[in-house]
Amino acid sequence: MRVKPLTKTTLATSLALILGSTSYLPLHAIAQEAEADVEVISVVGIRSSIRESTRMKRDAMGVVDAISAEDIGKFPDTNLAESLQRITGVSISRNNGEGSKVTIRGFGADKNMVTLNGRMLPTGGTFGEAQGTSRAFDFANLASESVRSLEVFKTGKANITTGGIGGTVNINTTKPIMGDAGFKANVGAKGVYDSTNRVGSDITPELSGIFSFSDDDNEFAISLSVSHQKRNSGNTSADVSDWRMGTYEAESTLDLVPGGKIINEPAEGQLYAIANSLSYNFADNTRVRDNAQLTLQYRPSDKILATVDYTYAQNDLESSKGQKGAWSNKFYDEVVFDTDQDIATAVLISEPLSGTKDNTFQQQHEHQTNTLKSLGVNLEYEVNDRLTLNFDAHDSSMDSVPGASYGGSNLRFWMAAPVGKHQIMDFTQTLPRTEIQIDDSVKGNNDGIYNKEDLGSQMMFVFYSSQETSIQQFKFDGEYEFDEGVFEFGIDHRASELKQQHSRNRYFLGRWGVSNPRDIPTDLVEDFNILNEFDEYDTNSYDQVGFKAKDLVALGMWAADEYNKPFGISPVLDQNHRVTEDMTAAYFQFSVNAELSGMPVNILTGMRYETTDVTSYSDIRLPTSLDWTENNDFLLERDDEVSPFAVDTSYDHLLPSLDFDIGLTDEIKARFSYSQTISRASYGQLRSGVSGMTATGPTLDGGTARASASNPSLVPLQSNNFDVSIEYYMNDTNYVSLGFFEKRVDNFIGTEQIEEEHFGLRDVTNGPRAKAAAKALGAIGEAVTEDSLFVMTAVLDNPADFPNGAADYRTDAQDPTFSTDVSGKYDLFANSSDPFYKFLTSRPVNNKSANIHGVELAGQYFFGESGFGLAANYTIVRGDVGFDNLLLGESQFALTGLSDTANLVVIYEQDGLQARVAYNWRDDYLAGTSMGSARSSVNVEAHGQLDMNVSYQIDDHLSLFAEAINLAEEGSRTYGRSTLHVWQTTDLGARYQVGARYKF
C-alpha cells in the first residue's frame, strides 16, 4: 500500500472526515498506518470546532460551508436548523419557536436537497389538515447528538445528488472505525423548561448517549447513538382569515346601516382593504422525539472497508388548539380608514348585529407521527495504490401517519354563542383588538351574561392524512489518482415513490347559524380567557370571554352520538395519489492540482447526465354535485366508485460544473465556480386530476367557482449558477471572506388560470331558481346578499313548507332567527335547468424565468489567548421578480424567501469554561403569493433571536451546561399587501435547558 506523507493538519483532516463523513473516503486517505509516531489531533471545544469548520471551508473545492461538533455528542446548537442559520446565505423557518426548514440563497426548503451521509433523505410531514405533498425536509425530526458535522454545498458538483437548486445540506454522523481501541461512551441528560407551556409538566427530559467499540486491531467496530426528548410548549396568536379588497367608488362601496359613517374616506378610484374576521388562537403542544443510529464497520484487510448503518427517527406530534373568533357581517355603522398609503385600509370596523350573530370558538386536536428509517450498506475496495472503487446502497422511508385514538390526523369542532349584538375590530393596536356586546335573549339562556350556557354546536370534521415516501438508491463510484490530480466517475440510480392519502368526514351539527342553540352539555366545556395568554401585550381593554373543550375527543363523541353519525374517519378516501420517479445518472469529474505563475491552482470540472421517468397515479371518486348548503358554504358530493388515472412523463439533463481556486498568497484564496443544478416540482403539483372544486359564494352575487389542477408533465427548475469569492485566512481560525453569487433560473412554476367545466357539475347559485329569488328580494326592497339569496331560494324551492312563496320570507327585523333556521334546515341541489359551473381552474405550468443574486460577507476572529472570539456574517439576496401589491385578484408569480440575514456570535473559551452568545436576524421576506380572496401576499416581518449557552468542564469526564433559546422572547408577525394587513401576530417565549454530559 502506498501512503503519501501527511502533515499534522492533513492527518487531523483525514481523521475528522473519516469519523464524520458519509462520503466514505478512499482507503488510501486513511493514515493510521502511515507513521506510528505521527501525532493524532482530536477536535474538542468551541475553538477546535471552528478551526475544523474553517479548514473544511478553506480546503473545499467550490463554495462549501461547514459546522463541526465541539465534541462527540455536543453540537453547537441542539437543533440542526438553528446551527445552519449561522452560515452565510442560509436562513430558516421556525415552527412553534423551533428551527424547522432551511432556505438557501432565497430558495425554500422544497428546492434544497438534504442528504444523510451523502444519501438522499426521504421527506414527509402531514400535520393537522396538511395533505403531505412537499419535498421539504423538517430538521426537527433529527436530534443533533449523533451528528459529527453539517456541510452546505452552495455550488453544484457532478457527484452530488440532484434536487437542490439553492444548495445541498449533507448531515455527517459519527463512525466508529479509526477511533481508539476499546469501549467508549458519552451520555447526557438535560431538563427542558419552555416558558410558553400551559399543560403537562413544565420540565421535560432529554436523554442521549453514544456508545462505541473497536477491537485492538481496528478491524471491527460498532457504534450506537440514541436520544429521547419530550417537549411541552404552547403559543398564542391573533389571526385574520381574509382582507377583502377592491376599488373604492363612493360611500355605497360599503354597506352601511342607516346613520352609518366612514371616517377618512378613501379617494374615488383608490384601492381599499377591509378585514373579514379577527380571531385569537392558542395551541398546547407535545412533542416526543426518539432517534437511534447503529453502525457496524469491518475491515478484513487494508484494501477493504465495509460499513452497514441503520438510522431511526420518530417524531410524535400532538397539539390541542382553540380559537375565539369574530366574523364580519359586512354591514357597518362606522368604518375608519388609514389612507396614508397606496391601499386605504380599514383600521376600525364597527358593526351592529342582530343579537343572534355567532361568536365562534373553534376547537382542534391534531396528532401525527413521523417515522424515518434508513438502512445503508457501503463497500470500499482499494484495487491498487491509484484506483479505489466504492459501492453504496440504501433503502429509506419516511412515513407520516395519523396518531389519534379516533384514527385520524385532525379533529375540528366549531361551537358558537349566537348572542352577538355589536362588535368592533380595532387594527390600530399592535395586537388587534375586539370588543363584543351581547344579547342572549333570543338564542342564549337569557341571563344577560356571556357564558358557556349560551354555546351551541355548528360543524365538525374528522380528517385523515398520510404521506409515505420511500427511496432506494444505488451508487457505484470510482476514483483514479494520477500524479497531479484525481479522475472520478460513477453511476447513480434512485427509485422514489410517494403515497399520499386524505379523507374528510363532515358532520352537520347545528350548522353555521347555530340552529340548535344551547345543545352542548356544559360539563364538556370550560371557561378559558385566551387574552390572558398574551404575555407581551396589555389586553385589559379586550373582550375577555372565552371557552374551550375539556376533552375535545369526548366532545366529538357526544356530537356524533347526538346527531346520529358514527364518530371517526371517513371509510372512503377523497384523495389517493402515488407519484414514482426513477432516476439514472452517470457522471465524471477531474480534479487537477497545478501552479500558475508560482501560485497553487486547483481545478475541478465535471459533467453529470441524468434521466428521470415520472409516473403519476390518482384514484379519484368522481364528483357528482356541488351542493349549496348555506350562504357561502358548499359541499362537493362524490361517487362511491373509484376511477383510476395515470400519466407518464420523462426528461433528461446534462449538468456541467466547474470549480477553480487559486492561492494568491499563502493567506489569500480566490474562487470561481459555475454549475447547472435542478430542482423538481412538489409532489402535489405532479398529481393527476382536478381537485378543490368549490365556490367563494353564489356566482349570481359575484362569487367565483374555483378548482385546482395538477400537472404531471412539469419539468424541473434549472439554474445556471455563478460564484466569485475571495478569502483571507490570518491563521487556522481567523478569516474574512467576500462572495458574490448569481442564479439564472428557467422553468419556474407559475399558474395558468382557465375557466373550465368539470365533471358536468351544475351551478344552482346562478340558475332559474336563484334568479327568481333575486327578483323576489328586489320586489320587497331587500338587498341581495349571499345570505338573503340562499334563504329566499330555499323558501321558493320548498313550497310545501312555504305555501305563500316569497310572502313567507322574513327579514331580520321581522324575525331575527328566520334566516339561521332556514339555513340550518335546507340544502339546495342543482338540477338540469341550472347552467354548468365555469370553474376558474388554476394549473401549475413551467412558464417563468428569474434571476437571483447576492453578496455574502463573513468573518471570525479570536483575540489571541484571551479566550474571546467573534464571528459575524451578513448576506444580501435580491431577485428580479417581486410581488405587485396593487394588482388584485390575479395569481402572481414572485420570488419567495429572499431576504437579508445577519449573524453575530460572541465566544469565550478558557480553562474549561465555554460560553457563546448568538444573535440571528432576518429581514422582511415574501413567503406566499395567493392568500385570501384577493390573492394577496404573505410577508414575514423582520425578526431576530438571541440564544446563549454556557458549559463548564469539571474534569476529563464530566461537564455541566445551560442553554437559553430565544432569550428575548421574540415573537413573529406576518402581513399582506400592507404592513397594516396583519395575517398573524404570534406571541412566543424562551426555552431553557440545563444538563450534564459524562464521558467514559
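How each quantity is defined
Here the residue numbering is sequential within each chain, running from 1 through the sequence in written order. The predicted nature of this model means local features are confined to residues of pLDDT at least 70 and side-chain atom pairs, given and counted, to a pLDDT of 80 or more, with totals for whole chains, interfaces and linings taken over all residues. Excluding hydrogens and water, the side-chain figures rest on all heavy atoms present in the structure. Only Phe, Tyr and Trp rings take part, Trp by its six-membered ring, and two of them pair if their centres are within 6.5 Å. Stacked means planes under 30 degrees apart, edge-to-face means over 60, and tilted covers everything else. Starting at the N terminus, helices and strands are each numbered in turn, a helix being any DSSP run of H or I of at least four residues and a strand any DSSP run of E of at least two. Any residue under 20% of the maximum accessible area for its type is buried, any over 50% is exposed, and the rest in between are partly exposed; the area is computed with a 1.4 Å probe on protein chains only. Following DSSP output, two strands are said to pair if at least two bridges run between them. Any two residues having at least one pair of non-hydrogen atoms within 4.5 Å are treated as being in contact. All axes here are fitted lines through C-alpha atoms, helices being fitted over the stretch that makes contact, and every angle between N-to-C directions spans 0 to 180 degrees. Two helices crossing with the near one rotated counterclockwise from the far one by less than a right angle form a left-handed crossing, whereas a clockwise rotation gives a right-handed crossing. Side-chain classes follow a simple rule in which Ala, Val, Leu, Ile, Met, Phe, Trp, Tyr, Cys and Pro form the nonpolar group, Asp, Glu, Lys and Arg form the charged group, and the remainder, Gly included, forms the polar group. Comment on the angle field: the value is read as roughly parallel under 35 degrees, roughly antiparallel over 145, roughly perpendicular from 65 to 115, and oblique elsewhere.

1. A look at the packing of aromatic side chains
Okay, so step 1: One pass over the structure, following the stated rule, counts 32 aromatic pairs.
Okay, so step 2: Seen in terms of ring centroids, Phe 107 and Phe 748 are 6.2 Å apart; in terms of plane orientation they differ by 0 degrees. Their pairing is stacked. With a gap of 641 residues between them, Phe 107 in the loop between β3 (98-104) and β4 (113-116) and Phe 748 in strand β32 (residues 735-756) connect regions that are remote in the sequence.
Okay, so step 3: Residue classification places Phe 107 among the buried positions, given a relative accessible area of 4%.
Okay, so step 4: Ring centres of Tyr 998 and Phe 1000 lie 4.9 Å apart, and the angle between their planes is 70 degrees; on these two criteria the pair is classed as edge-to-face.

2. Points about the sheet that holds strand β6 (residues 147-153)
Okay, so step 1: Strand order in the open sheet made by the five strands is β1-β6-β7-β4-β5, with mixed pairing throughout. Strand pairing shows two members of the sheet lacking a second neighbour, β1 (64-68) and β5 (119-120), which therefore form its edges.
Okay, so step 2: When β6 meets strand β7 (residues 168-173), the two strands line up antiparallel, connected through six bridges. Bridged to Val 152 within β7 is Val 169.
Okay, so step 3: Across the sheet, helix α2 (residues 46-59) touches β1 and β6, and the angle it forms with β1 is around 160 degrees.

3. Looking at the packing of helix α6 (residues 786-797) against helix α7 (residues 818-825)
Okay, so step 1: In the contact formed by α6 and α7, the axes pass within 9 Å of each other and the chain directions differ by 65 degrees. As α6 packs across α7, the resulting crossing turns out to be left-handed. In contact with Phe 790, Val 791, Ala 794 and Val 795 of α6, α7 contributes Phe 818, Ser 819, Val 822 and Ser 823.
Okay, so step 2: Looking at the contact of α6 with α7 residue by residue, the classes come out as six nonpolar, two polar and no charged.

4. Thoughts on the packing of helix α5 (residues 768-779) against α6
The axes of two packed helices give the description: the angle between them and the distance between them.
Okay, so step 1: As a packed pair, α5 and α6 sit with axes 8 Å apart at the nearest point and diverge in direction by 110 degrees. Relative to α6, the element α5 is oriented roughly perpendicular. Residues Arg 769, Ala 770, Ala 772, Ala 773, Ala 774, Ala 776 and Leu 777 of α5 touch α6, and the partners they reach there are Ser 788, Leu 789, Met 792, Thr 793, Leu 796 and Asp 797.
Okay, so step 2: Looking at the contact of α5 with α6, its residues break down into nine nonpolar, two polar and two charged.

5. Description of unusual backbone geometry
Okay, so step 1: One non-glycine residue, Arg 105, lies in positive phi territory at about 50 degrees.
Okay, so step 2: For Arg 105, the location among the structural elements is in the loop between β3 and β4.
Okay, so step 3: In this structure, Lys 330 takes a positive phi of about 70 degrees despite not being glycine.
Okay, so step 4: Here Lys 330 is to be found in the loop between β15 (304-327) and β16 (332-338).
Okay, so step 5: Given a relative accessible area of 25%, Lys 330 falls into the partly exposed group.

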